[in-house]
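Chain by chain, the residues run as shown.
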Amino acid sequence: MKDTALYEALLGLQTPWSVKSVDLSLEEQRVVVEVELKRGQVWADPTDNTKRAHINGWTERQWRHLDTCQFETIIKARVPQLKYSNGKVEELAVPSAERYSRVTLLMEAFVVKLLQVCPTTKGVCKITRLSWSTINSIMVSAVQRGMLRRSEEPVPHLGIDEKSSERGHTYVSVLTDIDRSRVLDLMPERKLKAAKSLLETLSPMQRESVEAIAMDMWPAYISAAKACIPQADIVHDRFHVSKYLGKAVDKVRYREHRILGSQSPLTGSKYAWLKSYADRRSAEAVAFRALNQLNIKTSRAWRIKETFFQFWSYRYKGAAKRFFDAWSNNAMRSCLEPIKKVVTMLRKHEARLLNYSQHRISNASAEGFNSAIQLIKANARDFRNFSNYRARILFHCGKLDMSIA
């Protein structure tokens, strides 16, 4: 088989396209394949079936292909610009690459697979010898392709949460499908307008199918849910409730430690009070038990925090409410101001806390994306461009079909 016929088969070229020549450079370790169009080829005018398109000019194009025996392979061609009867000018689509792309379809598919397993974009650049901008454009195109292929299916349980996108207090709002454990979309900021825009990315049918949405107690998210999906129950996430209680315990510990001074038994115990000890026989649990048995305020605060975990086990609102009332009354009598402050906040959101007994959803899957998102941020050294940040999160956490058709 001649080299021209070989590359025609490898590239899947058919009439009117053919390989004109194959140039091998040992010094540059490069193979250049020149592709040409059949002379006299005519094209129909898609705007008028009775006419044909005219060639308005030619553009020199080249694409990076998969390496040939570790030699960099370049495809070159002169691509005609077609002018239609309505005056529109459009470049002819080539069979082996997307219009205006810098790589062939096979190369693009290879890069997508590399991006799925390689931790950094820089690593993919090193393997493929492509520029960062080219790799980034392939990722963005893959995400766009995957988003267009998403089917309009019901999403009974949603989650909305905030994630840090840059250093400092810069956040994005992330919408997740809890049942399928995937990111649906994200928007910059965590304001009411952003939250509404995020929920409006769902189709009307999908919004009507939502039964419950998990979130923290951020007012903008609550207002957006009431406006866009009024039939859905709002469920306050147990992760954030535990976080508030943990911070309250730490504030009690900090204040008590300062009062006790140099003789304080709380020295170096900050993280011990933030844990739960499922294995009570472990060395860590035994050491903590001795500390917890001291008659100190921090011990009382910790026990209040731990007791609240029972709330999440109830499956009936009546039983959950009775427990919540008894627990909150006991916590308010503790005379521990940080604890009382959190209890007051929880009482304001009691109805949405009780919804957990019915729907039993949380943002645990969204919190599970944190490790992936943190790795994405670390590899990118923070993002200055939200579109790039969005593309990477959807690429790795969106469970999209990004295959090349």
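Residues numbered from 1 in each chain as written. Predicted model: local features only at pLDDT ≥ 70, side-chain atom pairs only at ≥ 80, totals over all residues. Heavy atoms only, no water.

Some points on the overall build of the chain
A tally of regular secondary structure across the chain gives 17 helices and 11 strands. Radius of gyration (C-alpha) of the chain: 30 Å, far over the 22 Å computed for a compact globule of 405 residues. Overall size of the chain, expressed as C-alpha extent along the three principal axes, is 95 × 50 × 35 Å. The buried share of the chain, reckoned over its 405 residues, is 44%. Pairs at least 24 apart in sequence give 58% of the contacts found in the chain among residues at least 6 apart. Only carbon and sulfur atoms are counted for the fraction: they give 51% of the accessible area of the chain, which is about 22200 Å². In the chain, 65 side chains carry a positive charge and 42 a negative one; their mean positions are 8 Å apart. (Helix = DSSP H or I, 4+ residues; strand = E, 2+ residues; numbered from the N terminus. Rg over C-alpha atoms; globule rule 2.2 N^0.38 Å. Buried < 20%, exposed > 50% of the residue type's maximum accessible area, 1.4 Å probe, protein only. Contact = heavy atoms within 4.5 Å. Areas by Shrake-Rupley, 256 points an atom, 1.4 Å probe, with all protein chains shown as cover. Lys, Arg positive; Asp, Glu negative; His and termini not counted. Charge placed at Lys NZ, Arg CZ, Asp CG, Glu CD.)

Overview of the packing of helix 5 (residues 192–199) against helix 7 (residues 219–228)
Packing of helix 5 against helix 7 leaves a shortest axis separation of 8 Å and a crossing angle of 40°. Relative to helix 7, helix 5 is oriented oblique. The crossing of helix 5 and helix 7 is right-handed. When helix 5 is examined against helix 7, the residues Leu192, Ala195, Lys196 and Leu199 are found in contact with a partner set consisting of Ala220, Tyr221, Ser223, Ala224, Ala225, Ala227 and Cys228. Residues of the contact of helix 5 with helix 7, tallied by class, amount to 9 nonpolar, 1 polar and 1 charged. (Axes fitted to C-alpha atoms, helices over the stretch in contact; angles between N-to-C directions. Parallel < 35°, antiparallel > 145°, perpendicular 65-115°, else oblique. Left-handed = near helix turned anticlockwise from the far one by under 90°. Nonpolar A, V, L, I, M, F, W, Y, C, P; charged D, E, K, R; others polar.)

A word on the environment of threonine 4
For threonine 4, the location among the structural elements is in helix 1 (residues 3–11). The spacing of threonine 4 and serine 85 is 81 residues in sequence and 36 Å in space, taken between C-alpha atoms. Excluding its chain neighbours within four sequence positions, the residues that come into contact with threonine 4 are Val19, Lys20, Ser21 and Val22.

A few points about a positive patch on the surface
A grouping of Lys243, Lys247, Lys251, Arg255 and Lys341 is seen on the molecular surface, where their side chains present a positively charged patch. Within the secondary structure, lysine 243 is located in helix 8 (residues 238–260). The exposure class of lysine 243 is partly exposed, given its relative accessible area of 42%. (Patch = residues over 30% accessible without salt bridge, like charges linked within 9 Å, V, L, I, M, F, W, Y side chains within 5 Å. Salt bridge = Lys/Arg side-chain N within 4 Å of Asp/Glu carboxyl O.)

Describing the environment of alanine 142
With respect to the helices, strands and loops of the structure, alanine 142 is situated in helix 4 (residues 132–149). For the pair alanine 142 and glutamate 108, spaced 34 residues apart in sequence, the C-alpha separation works out to 8.9 Å. Contacts of alanine 142, omitting those with residues within four sequence positions, involve Val112, Phe395 and Met402.

A word on helix 2 (residues 105–117)
Taking 1.5 Å of rise per residue, the 13 residues of helix 2 would be expected to cover 18 Å, and the 19 Å separating its terminal C-alpha atoms lies within 8% of that figure. Looking at helix 2, one finds that the buried residues are Leu105, Met107, Glu108, Val111, Val112, Leu114 and Leu115. Looking at the buried residues of helix 2, the elements they touch are strand 4 (52–68), helix 3 (121–128), helix 4 and helix 17 (386–397). (Expected span 1.5 Å × (residues − 1).)

Describing the side chain of asparagine 388
Its place among the elements puts asparagine 388 in helix 17. Judged by relative accessible area, asparagine 388 falls into the buried class, the value being 13%. Within the structure, the side chain of asparagine 388 is placed 3.2 Å from the side chain of asparagine 136, a separation counted as a polar contact. (Polar contact = N/O pair within 3.5 Å; in protein donor to acceptor, adjacent residues only side chain to side chain.)

Focus: the pairing of strand 4
Alignment of strand 3 (residues 43–44) against strand 4, held across 2 bridges, turns out to be antiparallel. Bridged to tryptophan 43 within strand 4 is alanine 53. The sheet contact formed by strand 4 and strand 5 (residues 71–83) spans 12 bridges and is antiparallel. Bridge pairing links isoleucine 55 to leucine 82 in strand 5. (Pairing = 2+ DSSP bridges.)

So, the state of the cysteines
Applying the stated criterion across every chain yields a total of 0 disulfides. Free of any disulfide, cysteine 118 has its nearest neighbouring cysteine sulfur in cysteine 125, separated by 9.2 Å. Assessed through its relative accessible area of 17%, cysteine 118 is described here as buried. (Disulfide = S-S within 2.5 Å.)

Observations concerning the pairing of strand 8 (residues 170–177)
Across the 8 residues that make up strand 8, a large majority, 6, are buried. Relative to strand 9 (residues 182–188), strand 8 runs antiparallel, the two being bridged by 5 bridges. Considered in strand 9, the bridge of valine 174 is made with leucine 186. Once strand 8 ends, the chain turns through 4 residues before running back antiparallel as strand 9, passing serine 181 with a positive phi of about 50°.

Brief notes about the side chain of threonine 134
The topology assignment puts threonine 134 in helix 4. At 2.8 Å, the side chain of threonine 134 and the side chain of serine 131 are in polar contact.

Quick look at the packing of aromatic side chains
Applying the stated criterion across every chain, the model contains 11 aromatic pairs. When the centroid spacing of 6.2 Å and the interplanar angle of 35° are considered together, the rings of phenylalanine 324 and tryptophan 327 count as tilted. Linking phenylalanine 324 with tryptophan 327, this pair stays in helix 11 (residues 317–332), spanning 3 residues, or about one helical turn. Among the residues examined, tryptophan 327 registers a relative accessible area of 4% and is labelled buried. (Phe/Tyr/Trp six-rings, centres within 6.5 Å; stacked < 30°, edge-to-face > 60°.)

As for the nonpolar core
Counting 37 residues, the largest nonpolar core has Phe308, Phe311, Trp327 and Ile339 as the members making the most contacts within it. For this core, the elements supplying multiple residues, two or more each, are strand 10 (212–215), helix 8, helix 9 (283–292), helix 10 (297–307), helix 11, helix 12 (337–348) and helix 13 (350–354). The residues contacting phenylalanine 311, other than those within four sequence positions of it, are Ala320, Phe323, Phe324, Leu353 and Leu354. Ile135, Met139, Val172 and Tyr389 belong to the second-largest nonpolar core, a separate cluster that totals 30 residues. (Core = buried A, V, L, I, M, F, W, Y, C linked by side-chain atoms within 4.5 Å.)

Shape descriptors only; they carry no functional weight alone.
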